[in-house]
Number of protein chains: 2
Amino acid sequence: MARPAYDEFQRQREEFLNRERSRGLGADLVLSADEERLNRYVMHLKQQELAKGVENPYELVSGRHFFEMLERINDSPLFKLIQKMPKGGILHAHDTAIGSTELIVRATHHEHLWQSGSIPQAEGDPMPAYKFSRTKPTVDGDWRLVADIRSSMGSEAYDAAIRQMFTLYTKDPLNAHRDINDVWRKFMALFICFEPMVTYRPVWEEYFYGCLEELLADNVTYLEFRGLLPPVYDLDDRTYSPEEIVQMYVEQSDKFLRAHPKFMGVKFIYAPLKFCDDATFDGYLELVQKLQQRFPNFIAGFDLVGQEDLGRPHTDFNERLLRLPPTINFFFHAGETNWIGRRDENLIDAILLGTKRIGHGFAALKHPVVLEEVKKRQICIELNPISNQVLKLVQDFRNHAGAFYFSDNYPVVVSSDDPSFWCAAPLSHDFFVAFMGLASARADLRLLKKLALNSIEYSSMDGAEKSVAMEKWTTAWNTFLQEALQSVPGEF
Amino acid sequence: MARPAYDEFQRQREEFLNRERSRGLGADLVLSADEERLNRYVMHLKQQELAKGVENPYELVSGRHFFEMLERINDSPLFKLIQKMPKGGILHAHDTAIGSTELIVRATHHEHLWQSGSIPQAEGDPMPAYKFSRTKPTVDGDWRLVADIRSSMGSEAYDAAIRQMFTLYTKDPLNAHRDINDVWRKFMALFICFEPMVTYRPVWEEYFYGCLEELLADNVTYLEFRGLLPPVYDLDDRTYSPEEIVQMYVEQSDKFLRAHPKFMGVKFIYAPLKFCDDATFDGYLELVQKLQQRFPNFIAGFDLVGQEDLGRPHTDFNERLLRLPPTINFFFHAGETNWIGRRDENLIDAILLGTKRIGHGFAALKHPVVLEEVKKRQICIELNPISNQVLKLVQDFRNHAGAFYFSDNYPVVVSSDDPSFWCAAPLSHDFFVAFMGLASARADLRLLKKLALNSIEYSSMDGAEKSVAMEKWTTAWNTFLQEALQSVPGEF
């Protein structure tokens, strides 16, 4: 075959690049003149940041561990811009890992909190137990009032110790945990230690309201979160039922929405642990139906959580799940694993069960029929890039499966999973690493805007709710645009 | 939408799994009864090995660094079986990094070898210089005869030091090099240090013949290798021309083929460094045409080598490359990078220039149109999984882009790039990690057989050569099968 002339080759090359670019996430959006101007500035900041890593990959923010780069990200002008950007909603995050460590610190300032054991000094030390109680807890342990520990060690020192304890953050993340099971053990230990603190009713309500405030401050205005509904209790030894707990969520949400009319809404996915016996599982299914009947507008559906590699496979649950009425929507975690041909096959179950979205879907990349069905059925993949790095699925963000999904406009959102435990903002850090690492160096403001739009499109809001949400988001976007343009230098 | 009944769901699930499996690499092959029996044993060994990593990912051979697992791989019965398997050919390997360190040790036993500087004691120490010469080299340096160093430190100690110097192998691979540029610097230093040793004519011929012997011992019976044609010299200060150097390759190959008629052949891809100015580049293009005219059956084509992120982009060379006659085939390295939207776009140039195969193609995954064209044009991607891990593109083999290519039967071969520098066999270790890590846990003997068949199909052999090669390979495969079955326990 004869080779083309150079000008013909150049034409073919341009066409090839255009074909590729036209398939990327957000390529269908047309920017306004104002957006174009902001985009030039955004791309300048992006290229400036990436350039640091061209000659020196050790300085590449998208190639390194998030913990190693956190301070630099926080200082970067592009991150600050992304923080201000209306990002739509969070569609994948877990109840007690959404709020920042400051909300945990605030919890420890409540009266009647007891601690047994000490705050770990070194990696691997056991974590203390907590309990709110008027009187010293009767279960075994060296219970002391946190108020007393606080005054003996100094209040600021205690707060600092709490901040350090309730995070996976470490200066040496590549060596801190040797494998995925190790880091998951620590991760689970954080949830378990924190639970009796957050399930104390006053904290429960305050924490959840605080989460919504932090979302809004991060310019996230919709939340569709997963929760275990752990038993909430009070000082009178009352344990609240799941319905009462959901009622608390509803009340706090309503209160917050009244105070902040630009917020678009809150919905809840009941997502208990997949480490359970069949009888317990039957209980989950009964409960989700009851909740759905009582809170039809608040309950989005059902999911199962826990480390996928070690949890029961979906095949254990399918028969029972199929008996649920079709009014119960599924939002299954699936493919949160590096395995190929093992638990990653949960993806197939999730799809055939009619899941509306897929949590993580990291392994979907290695399943060609899953990929086809995801596109055909428009099943949104909820990407959580920082979570996947911290929990040791992937090291370099540019190798994240999301890079593939972005390149060919798969239905995706970017979410944050458990931002509390990696010192991340509710959503901005995940948007940042997605934009810098999962996305092509060429991907621009349209990708960020598309991620925000997708978070509305693939949410569980109904048509009317989505219309209202779109109006609110558009207003916020236009306001952001005008404000952002004021600080864009004249040359752009 | 109503949910299906459980038996209907099970039927759909089986069908879904079958659709996926039928698309995987090798799924089109039908095994004979004997092959089926061996396959049951192979899958038993595979599952047994993978099972170690299910509960304890730190023991997962496909999830860890090759250097950390090398001893265990070498001891594993599955690896030993893969070593004995006729694997077809190596389509991607580099001239002076194919032979084992023992061939380098053997080179240092030649007379008249001089060394300036010491063998490094610690990471980062400079490497010594070498030169064959009848008299002490006149260039600056503290030249001593290797024979003298050898007798002063003990011959075995010297050999051991040589083995340790000419490898990237280290006990702590995750911390040994902080980024891709660091490890490439070391990697390049090995080539540079070794060059004056291997380009001494007696070593040059003996080394190349030794490589072919090692290939055969690893049951690899075809070689299509890339080389820089560095100036070969002798003790009479003669420097050989590129044509003379290729002539040496041809002669050694012919001699080897006469001695080993089951070997299928050798071809050469002229692949100079992409770090060059335009005038030098013009020289490359002239040379490849001259070589092709003089050795039409031996010269397969042209390529460019060097760290892709830092080398000149393909766009610098396209205009000149297009002027080459269409008889010169291209086998470009492209997409050996984690970048998206930068040097990875070399993939587009490679395809539009009509490349026959793509070296590495790691980044092709993130280019949907590249993926389409690779399938449409049947451009074989030469995967080198261990190389990509050692040179810091990817950590967990299950995240290697090859996992995606395998899952949907992309045209691929597995090769070894520079096995010498990672203490790997010519091909068996790459086959092993590809089978255990890139492939699904479900992928079986058909995948391994397909990889061997692909290495013939996508080679540069012409039709007649391929027929002969297929006959030889089939004979070897059947012999292997009968021998392997003798050690398969009765229960399979």
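For clarity, every value in this text was computed on a predicted model and none was experimentally measured.

Q: Would you mind showing me how to read the overall build of chain A here?
A: Secondary structure assignment for chain A yields 20 helices and eleven strands. For chain A, the C-alpha radius of gyration of 23 Å lies close to 23 Å, the compact-globule estimate for 492 residues. With the C-alpha coordinates aligned to their principal axes, the bounding extent of chain A is approximately 85 × 55 × 45 Å. Each of the 492 residues in chain A was classed as buried or not, and the buried ones make up 61%. In chain A, the share of contacts with a sequence separation of at least 24, taken over all contacts with a separation of at least 6, comes to 77%. Of the roughly 18200 Å² of accessible surface on chain A, a fraction of 50% belongs to carbon and sulfur atoms. On chain A, the mean spot of the 55 positive side-chain charges and the mean spot of the 70 negative ones are 3 Å from each other.

Q: What is the right way to look at the sheet that holds strand S5 (residues 222-227) of chain A in this model?
A: Residues and elements named next belong to chain A. Sheet architecture is open: four strands sit in the order S1-S5-S6-S7, paired in parallel fashion. At either end of the open sheet lies a strand with only one pairing partner, and these are strand S1 (89-90) and strand S7 (299-302). In this sheet, S5 lies alongside S1 in parallel orientation, the contact comprising two bridges. Looking at S5, one finds that Ile-90 is bridged to Leu-223. Against the sheet, helix H12 (residues 278-294) touches strand S6 (265-270) and S7, its axis set at about 160° to S7.

Q: Even after reading the chapter, I still don't get the domain arrangement of chain A, so can you show me in this structure?
A: How big an interface is tends to be stated in terms of the accessible area lost upon association of its parts. All names here are of chain A. The assigned domain composition of chain A is domain 1 (81-103 + 197-476) and domain 2 (111-166). A straight line from the C-alpha centre of domain 1 to that of domain 2 covers 31 Å. The interface of domain 1 with domain 2 comprises ten residues on the first partner and ten residues on the second. Between domain 1 and domain 2 the total buried area reaches about 970 Å² when both faces are included, carbon and sulfur atoms providing 64% of it. On the surface where domain 1 and domain 2 come into contact, there are two salt bridges. Among the salt bridges present, the one from Glu-102 reaches Arg-163, with a minimum N-O distance of 2.7 Å. Classifying every residue of the side of domain 1 that touches domain 2 gives six nonpolar, two polar and two charged.

Q: How do you make sense of the relation of the copies chain A and chain B when you look at a structure like this?
A: Relating the two copies of this chain is a rotation about some axis coupled with a shift parallel to it. The transformation that overlays chain A on chain B combines an axial shift of 0.0 Å with a rotation of 180°, and the residual RMSD is 0.0 Å. With respect to symmetry, the two chain copies, as superposed, fit the operation of a two-fold axis. Of the residues that chain A buries at the interface, 100% are likewise interface residues in chain B, meaning the two copies contact each other through the same surface.

Q: I keep staring at the interface of chain A and chain B and nothing clicks. Help me out?
A: Between chain A and chain B, the residue contacts involve 75 residues of the former and 75 residues of the latter. Among the residues chain A hides against chain B, the three largest losses belong to Arg-3, Phe-16 and Trp-339 of chain A. Together they make up 12% of the total. Summed over the shared surface of chain A and chain B, the number is ten salt bridges. Between Glu-372 of chain A and Arg-23 of chain B there is a salt bridge, with the nearest N and O atoms lying 2.6 Å from each other. Remark: the boundary between chain A and chain B carries 33 residue pairs in polar contact (both at pLDDT 80 or more). Among the elements that make up the side of chain A that touches chain B, the one with the highest residue count is helix H1 (residues 6-23) of chain A (nine residues). When grouped by side-chain class, the residues that make up the side of chain A that touches chain B number 41 nonpolar, 15 polar and 19 charged.

Q: Would you mind showing me how to read a nonpolar patch on the surface here?
A: A grouping of Leu-228, Leu-273, Phe-275 and Leu-310 of chain A is seen on the molecular surface, where their side chains present a nonpolar patch of about 300 Å² in accessible area. Mapped onto the elements, Leu-273 of chain A comes out in the loop between S6 and H12.

Q: Before we go on, may I ask you to explain H1 of chain A in this structure?
A: Along an α-helix, residues three or four apart share an orientation, since each turn contains 3.6 residues. For H1 of chain A, built from 18 residues, the straight-helix expectation of 26 Å at 1.5 Å per residue is met to within 8% by its first-to-last C-alpha distance of 26 Å. Buried residues along H1 of chain A sit against helix H17 (401-407) of chain A together with helix H13 (318-322), helix H14 (346-352) and helix H15 (368-376) of chain B.

Q: Sorry if this is basic, but what is going on with the pattern of salt bridges here?
A: Side-chain pairing between opposite charges can occur once the charged atoms of the two side chains come close. A complete count under the given rule lists 74 salt bridges over all chains for this structure. In this structure, Asp-316 of chain A and Arg-312 of chain A form a salt bridge, with 2.8 Å as the shortest nitrogen-oxygen distance. Its salt-bridge partner being Glu-243 of chain B, residue Lys-290 of chain B comes within 3.8 Å of it at the nearest N-O pair. A residue pair is termed long-range when its members are at least 10 positions apart, and Lys-290 of chain B in helix H12 (residues 278-294) and Glu-243 of chain B in helix H11 (residues 242-259) qualify at 47 residues.

Q: What should I look at first to understand the UniProt feature "domain: Adenosine/AMP deaminase N-terminal" (unreviewed entry) in chain A in this one?
A: On the UniProt side, "domain: Adenosine/AMP deaminase N-terminal" (unreviewed entry) is annotated at positions that read residues 4-82 of chain A here. Secondary structure content for residues 4-82 of chain A is 72% helix and 0% strand, while the C-alpha to C-alpha distance between its ends is 44 Å.

Q: How do you make sense of the sheet that holds strand S4 (residues 144-145) of chain A when you look at a structure like this?
A: Either a parallel or an antiparallel arrangement is found when strands of a sheet pair, and the pairing is made through backbone hydrogen bonds. Residues and elements named next belong to chain A. The three strands are arranged S3-S2-S4 in an open sheet whose pairing can be described as antiparallel. The sheet is open, and its two borders are formed by strand S3 (129-132) and S4, each paired with just one other strand. Pairing analysis gives four bridges linking strand S2 (residues 113-116) to S3, with the strands arranged antiparallel. Paired with Leu-113 across the bridge in S3 is Phe-132. Sitting on the sheet, helix H9 (residues 180-198) is in contact with S2 and S3, with an inclination near 10° to S3.

Q: Help me out: how do you make sense of the pairing of strand S10 (residues 380-383) of chain A in this one?
A: In the case of a regular strand, side chains alternate between the two sheet surfaces. All names here are of chain A. Side chains Cys-380 and Glu-382 of S10 all project onto a buried face; the interleaved residues Ile-381 and Leu-383 project onto the opposite face, where all are buried too. Pairing of strand S9 (residues 357-360) with S10, which is carried by three bridges, proceeds in the parallel orientation. Counterpart to Ile-358 in the pairing with S10 is Ile-381. Sheet analysis places S10 next to strand S11 (residues 412-414), joined by three bridges and oriented parallel. Of the residues in S11, the one forming a bridge with Ile-381 is Val-412.

Q: In this structure, what is going on with the environment of His-177 of chain B? I would like to understand it.
A: All names here are of chain B. Along the chain, His-177 falls in the loop between helix H8 (173-176) and helix H9 (180-198). The exposure class assigned to His-177 is buried, which follows from its relative accessible area of 8%. The spatial distance from the C-alpha of His-177 to the C-alpha of Val-390 is 9.7 Å, given a sequence separation of 213 residues. Setting aside residues up to four positions removed in sequence, His-177 forms contacts with Glu-123, Asp-182, Val-183, Lys-186 and Lys-392.

Q: Explain the packing of aromatic side chains here, please?
A: Evaluation of the coordinates by the stated rule reveals 67 aromatic pairs over all chains. Plain terms: the ring middles of Phe-187 of chain A and Phe-421 of chain A are 6.0 Å apart, the flat faces sit at 90° to each other, and that makes the pair edge-to-face. Taken together, the residues span a long stretch of sequence, with Phe-187 of chain A in helix H9 and Phe-421 of chain A in the loop between S11 and helix H18 (428-438) at a distance of 234 residues. The class of Phe-187 of chain A is buried, set by a relative accessible area of 3%. In this structure Phe-421 of chain A comes out as buried when scored by relative accessible area, which is 0%. Grouped by ring-pair contacts, the aromatic residues Trp-204, Phe-208, Phe-225, Tyr-249, Phe-268 and Phe-298 of chain A constitute a single cluster. Across the ring face of Phe-435 of chain B, the terminal group of Lys-46 of chain B is positioned such that the distance to the ring centre comes to 3.9 Å.

Q: So what exactly am I meant to see when it comes to the side chain of Asp-408 of chain B here?
A: One can find Asp-408 of chain B in the loop between helix H17 (401-407) and strand S11 (412-414). Judged by its relative accessible area of 12%, Asp-408 of chain B is buried. Among the polar contacts listed, one links the side chain of Asp-408 of chain B to the side chain of Arg-23 of chain B, at a separation of 2.8 Å. Excluding its chain neighbours within four sequence positions, the residues that come into contact with Asp-408 of chain B are Pro-368 of chain A together with Arg-23 and Lys-375 of chain B.

Q: Which parts of the structure should I look at to understand the side chain of Ser-62 of chain A?
A: Residue and element names in this part refer to chain A. By the element assignment, Ser-62 lies in the loop between helix H2 (33-55) and helix H3 (66-75). The class of Ser-62 is buried, set by a relative accessible area of 1%. Filtering out sequence-adjacent residues up to four positions away, Ser-62 remains in contact with Leu-50, Asp-396, Phe-397, Arg-398, Met-436 and Gly-437.

Q: Could you clarify how one ought to interpret the UniProt feature "domain: Adenosine deaminase" (unreviewed entry) in chain A in this entry?
A: Feature annotation in UniProt places "domain: Adenosine deaminase" (unreviewed entry) on residues 183-467 of chain A, given in this structure's numbering. The span residues 183-467 of chain A shows a helical share of 46% and a strand share of 10%, and its end C-alpha atoms are spaced 41 Å apart.

Q: What is the right way to look at the confidence of the model for chain A in this model?
A: Residues at a pLDDT of 70 or more form 100% of chain A, whose mean pLDDT is 97. Across the interface, the model reports ipTM at 0.97; the global pTM reads 0.97.

Rules used in this analysis
- Per chain, residues are indexed from 1 in the order of the written sequence.
- In the order they appear in the text, chains get letters beginning with A and ligands get numbers beginning with 1.
- Local features are withheld for residues below a pLDDT of 70 in this predicted model, meaning they are given only at 70 or higher, and side-chain atom pairs are given and counted only at 80 or more; totals for whole chains, interfaces and linings count all residues.
- Each side-chain value is derived from all of the structure's non-hydrogen atoms; neither hydrogens nor water enter the calculation.
- Secondary structure elements are taken from DSSP: a helix is a run of H or I of four residues or more, a strand is a run of E of two residues or more, and numbering for both begins at the N terminus.
- We compute the radius of gyration from the C-alpha atoms alone; for a globule the expected value is 2.2 Å times N to the 0.38, where N is the number of residues.
- Throughout, exposure labels follow a simple rule: accessible area from a 1.4 Å probe, protein chains only, divided by the maximum for the residue type, with under 20% read as buried, over 50% as exposed, and the rest as partly exposed.
- The contact criterion used is simple: two residues touch if any of their non-hydrogen atoms lie within 4.5 Å.
- Surface exposure here means Shrake-Rupley accessible area, sampled with a 1.4 Å probe, where a residue is shielded only by the protein chains that are shown.
- Here Asp and Glu are counted as negative and Lys and Arg as positive; His is not counted, and neither are the chain ends.
- Each charge is placed at NZ for Lys, CZ for Arg, CG for Asp and CD for Glu.
- Between any two strands, pairing holds if DSSP finds at least two bridges.
- Only the stretch in contact is used when a helix axis is fitted, and all axes are lines through C-alpha atoms; the angle between N-to-C directions ranges over 0 to 180 degrees.
- Each domain's extent was defined by an automatic or database domain assignment.
- The term buried area denotes the loss of accessible surface (1.4 Å probe radius) that occurs when two parts are joined, taken as the sum for both partners.
- Here, a salt bridge means any side-chain nitrogen of Lys or Arg that lies within 4 Å of a carboxyl oxygen of Asp or Glu.
- Put simply, Ala, Val, Leu, Ile, Met, Phe, Trp, Tyr, Cys and Pro go in the nonpolar bin, Asp, Glu, Lys and Arg in the charged bin, and everything else, Gly too, in the polar bin.
- Overlaid copies result from least-squares superposition on C-alpha atoms, with residues included only where pLDDT is at least 70 in both.
- Polar contacts here mean pairs of N or O atoms no more than 3.5 Å apart (in protein, one a potential hydrogen donor and the other a potential acceptor; neighbouring residues in sequence count only if both atoms are side-chain atoms).
- Like charges are joined within 9 Å and nonpolar side chains (Val, Leu, Ile, Met, Phe, Trp, Tyr) within 5 Å, but only among residues with over 30% relative accessible area and no salt bridge; these make up the patches.
- Expected helix span is taken as 1.5 Å per residue step, with the number of steps being one fewer than the number of residues.
- UniProt positions are given in the numbering used here, feature names are shortened, and annotations may be inferred rather than shown by experiment.
- Pairing of aromatic side chains here covers Phe, Tyr and the six-membered ring of Trp, requires ring centres within 6.5 Å, and sorts the geometry by plane angle: under 30 degrees stacked, over 60 edge-to-face, intermediate tilted.
- Working rule: Lys NZ or Arg CZ, within 6 Å of ring centre, within 35 degrees of ring normal, means a charge sits over the ring.
- Confidence scores labelled pLDDT are given residue by residue by the predictor and lie between 0 and 100.

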